[in-house]
Amino acid sequence: MPPVIHANLCKKCCRCAEACQSDVFYGSIPGTMPAVTYPDECWHAEACALQCPAGAIDFRIPLSIMVPFRKLPHER
């Protein structure tokens with residue numbers, strides 16, 4: 001499942017696009033809202049969310065990995 005960018009929080013810096021190893025945000029231009037161009041290529045590495053200074057990126061975790069997936073209390 002692709003990352004979800006919250007438009008009301010996004011600073012349009014495109015650090016997410018620079019951090020993504022899979023080019024999920026291919027073609028995104030700094031100063032504009034990042035485009036999730038290739039959503040099926042997302043590996044859920046969360047590099048984009050870690051680089052986002054505004055905390056504007058969340059993930060839709062696929063049901064198949066939702067049960068074993070658990071964030072620690074110090075993670076958002």
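Refer to the structure presented above.
Source: prediction; values computed, not measured.

Novice: What's the story with the overall build of the protein in this structure? I'm lost.
Specialist: Looking only at helices and strands, the protein has 3 helices and 2 strands in total. Scanning the protein from its N terminus toward the C terminus, one meets helices and strands in the order β-α-α-β-α. Considering only intrachain contacts with a sequence separation of at least 6, the fraction spanning at least 24 residues in the protein is 48%. On the protein, roughly 5200 Å² of surface is accessible, and the fraction owed to carbon and sulfur atoms is 57%.

Novice: I'm lost on empty space enclosed by the protein in this one. Help?
Specialist: Where empty space is left becomes clear once a probe the size of a water molecule has been rolled over the atoms. Inspection of the entire model under this criterion finds 2 cavities of 30 Å³ or more. Size it by volume and the largest cavity reaches roughly 100 Å³. In terms of lining, the largest cavity is formed by 14 residues, of which the most central are Cys 20, Gln 21, Cys 42, Ala 45 and Glu 46. Across the lining of the largest cavity, the residue classes tally to 10 nonpolar, 3 polar and 1 charged. The computed volume of the second largest cavity comes to approximately 80 Å³. The class makeup of the residues in the lining of the second largest cavity is 11 nonpolar, no polar and 3 charged.

Novice: Would you explain unusual backbone geometry in this entry?
Specialist: With the exception of glycine, most residues fall at negative phi, and the peptide bonds are largely trans. Even without being glycine, Lys 12 reaches a positive phi, approximately 60°. Turning to its location among the elements, Lys 12 is positioned in the loop between strand S1 (3-5) and helix H1 (15-19). At Cys 14, a residue that is not glycine, the phi angle is positive and equals roughly 65°. Here Cys 14 lies in the loop between S1 and H1. The class for Cys 14 is buried, based on a relative accessible area of 3%.

Novice: Quick question: what am I supposed to make of the nonpolar core here?
Specialist: In summary, soluble globular proteins display a tendency toward joint burial of nonpolar side chains. Ranked by internal contacts, the top residues of the largest apolar core, which has 15 residues, are Ile 5, Cys 16, Val 24, Phe 25, Cys 48, Ile 57 and Phe 59. Counting residues per element, the ones that place at least two in this core are H1, helix H2 (47-51) and strand S2 (57-59).

Novice: Explanation requested: the side chain of Ser 22 in the structure shown.
Specialist: Of note, Ser 22 is situated in the loop between H1 and H2. For Ser 22, the residues in contact, after removing those within four places along its chain, are Glu 41 and Trp 43.

Calculation rules
- Residues numbered from 1 in each chain as written.
- Predicted model: local features only at pLDDT ≥ 70, side-chain atom pairs only at ≥ 80, totals over all residues.
- Heavy atoms only, no water.
- Helix = DSSP H or I, 4+ residues; strand = E, 2+ residues; numbered from the N terminus.
- Contact = heavy atoms within 4.5 Å.
- Areas by Shrake-Rupley, 256 points an atom, 1.4 Å probe, with all protein chains shown as cover.
- 1 Å grid on protein atoms, 1.4 Å probe; cavity = no way out; pocket = protein on both sides within 12 Å on 5 of 7 lines; lining within 4 Å.
- Points joined across faces, edges and corners; volume = space filled by probe spheres on them.
- Nonpolar A, V, L, I, M, F, W, Y, C, P; charged D, E, K, R; others polar.
- Buried < 20%, exposed > 50% of the residue type's maximum accessible area, 1.4 Å probe, protein only.
- Core = buried A, V, L, I, M, F, W, Y, C linked by side-chain atoms within 4.5 Å.

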